[in-house]
Amino acid sequence: MDSQDKVNPVAEVGVTVGNCSPEDAHAVLDLLEHSFPAEAGAGGAAGGGRAATVWSATLDAAKPAERQAAPVRLKDTVSVTLQGGPRAVERVQAALAGHFTVEKAGAVSGDQEQEIGLRIRS
């Protein structure tokens with residue numbers, strides 16, 4: 001893999017989803033994977049298995065998808081944590097806000113990185 005195939009570290013966002021059903025977790029991660037598709041060879045998101053209590057993915061939020069993802073309905077409220085560069089985190093948060101009601105549940109900002117806790121619902 002050459003340097004053009006690697007994920008842009010400035011645009012990389014770690015996403016953690018929890019406090020929800022496996023179906024809701026997979027719905028959120030699938031939506032984000034559709035919203036920020038990985039380039040071929042760059043590696044995409046990797047969620048937890050069916051018995052997981054927390055699911056995670058790493059997204060390259062440098063370039064949102066050109067097409068909007070299909071609407072998603074959640075059964076319950078879902079906790080989401082986004083961690084990465086401020087602009088990249090903003091892009092992922094905006095993608096979630098385009099599909100769900102988003103409530104900020106806390107934030108920590110560092111010099112080069114930001115972590116935001118969210119609660120989302122349909």
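Residue positions are counted from 1 within each chain, in the order its sequence is given. Reporting of local features is limited, given that this is a predicted model, to residues whose pLDDT is at least 70; pairs of side-chain atoms are given and counted only at 80 or more, and all residues count toward the totals for whole chains, interfaces and linings. With hydrogens and water set aside, each side-chain value is computed from the structure's full complement of heavy atoms.

(A) A look at unusual backbone geometry. Unlike most non-glycine residues, N19 shows phi in positive territory, near 55°. With respect to the helices, strands and loops of the structure, N19 is situated in the loop between β1 (12-18) and α1 (22-35). Between buried and exposed lies partly exposed: a residue is buried under 20% and exposed over 50% of the maximum accessible area for its type, with that area taken using a 1.4 Å probe on protein chains only. For N19, a relative accessible area of 65% puts it in the exposed group. In this text, helices come from DSSP runs of H or I with a minimum length of four residues, and strands from runs of E with a minimum of two, each type numbered from the N-terminal end.

(B) Layout of the packing of α1 against helix α2 (residues 86-97). Structural elements are reduced to axes, namely lines fitted to C-alpha atoms, with helices fitted over the stretch in contact, and the angle between N-to-C directions of any two is expressed from 0 to 180 degrees. Between α1 and α2, whose axes approach to 11 Å, the crossing angle comes to 120°. What the angle tells us is that α1 and α2 run oblique. Judged by the sense of rotation from one axis to the other, the crossing of α1 with α2 is right-handed. Across the interface between the two elements, V28, L31, L32 and S35 of α1 pack against V92, A95 and L96 of α2. Any angle that is under 35 degrees is reported as roughly parallel, and any over 145 degrees as roughly antiparallel; angles of 65 to 115 degrees are reported as roughly perpendicular and all others as oblique. The handedness criterion is simple: a crossing whose near helix is rotated anticlockwise from the far helix by less than a right angle is left-handed, and one whose near helix is rotated clockwise is right-handed. By definition, residues are in contact when any of their heavy atoms lie within 4.5 Å.

(C) Representation of the pattern of salt bridges within the structure. Each reported salt bridge corresponds to a side-chain nitrogen of Lys or Arg within 4 Å of a carboxyl oxygen of Asp or Glu. Tallied over the entire structure, the rule returns 2 salt bridges. Of the charged contacts, one joins K75 and E23 as a salt bridge, the two residues approaching to 3.8 Å between their closest N and O atoms. Residue K75 is located in the loop between β2 (54-60) and β3 (78-84), and its partner E23 is located in helix α1; the two are separated by 52 residues in the primary sequence. A relative accessible area of 64% means that K75 is categorised as exposed. Residue E103 pairs with R119 through a salt bridge whose shortest N-O separation is 2.9 Å. Placement of the pair is E103 in strand β4 (residues 101-109) and R119 in strand β5 (residues 114-121), with a sequence separation of 16 residues. In this structure E103 comes out as partly exposed when scored by relative accessible area, which is 36%. Classification of R119 as partly exposed rests on a relative accessible area of 33%.

(D) Expanded view of the pairing of β1. What makes two strands pair is DSSP finding at least two bridges between them. Taken together, the 7 bridges between β1 and β2 define a ladder with antiparallel strand orientation. If you follow E12 over to β2, its bridge partner there is D60. For β1 and β3, the ladder comprises 6 bridges, and the chain directions are antiparallel. Within the sheet, the bridge partner assigned to V13 lies in β3 and is G84.

(E) Quick peek at α1. What a helix is expected to span follows from its residue count: subtract one and scale by 1.5 Å. An ideal rise of 1.5 Å per residue puts 20 Å on 14 residues; α1 measures up with 20 Å between its terminal C-alpha atoms. Within the sequence span of α1, burial applies to D24, A25, A27, V28, L29, L31, L32 and S35. Buried positions along α1 lie against β1, β2, β3, α2 and β5.

(F) The arrangement of the confidence of the model for the protein chain in detail. In this model, the protein chain carries an average pLDDT of 84, and 81% of its residues clear a pLDDT of 70 or more. The predictor's confidence in any single residue is recorded as pLDDT, a number from 0 to 100. Mean pLDDT across the elements of the protein chain bottoms out in β2 (93) and peaks in β3 (97). Confidence drops under a pLDDT of 50 for residues 1-5, and excluding neighbours within four residues, the segment shows 5 contacts in the predicted structure.

(G) Just the environment of D24, in detail. Residue position: D24 is located in helix α1. Note on D24: relative accessible area 2%, which makes it buried. Sequence separation between D24 and R73 is 49 residues, and the spatial gap between their C-alpha atoms is 8.3 Å. Sequence-distant contacts of D24, that is, excluding residues within four places in its chain, are made with R73, L74, K75, D76 and V78. Think of a polar contact as two N or O atoms within 3.5 Å of one another; within protein, one of them needs to be a possible hydrogen donor and the other a possible acceptor, and neighboring residues in sequence only count if both atoms come from side chains. For D24, the side chain forms a polar contact with the main-chain nitrogen of K75, separated by 3.0 Å.

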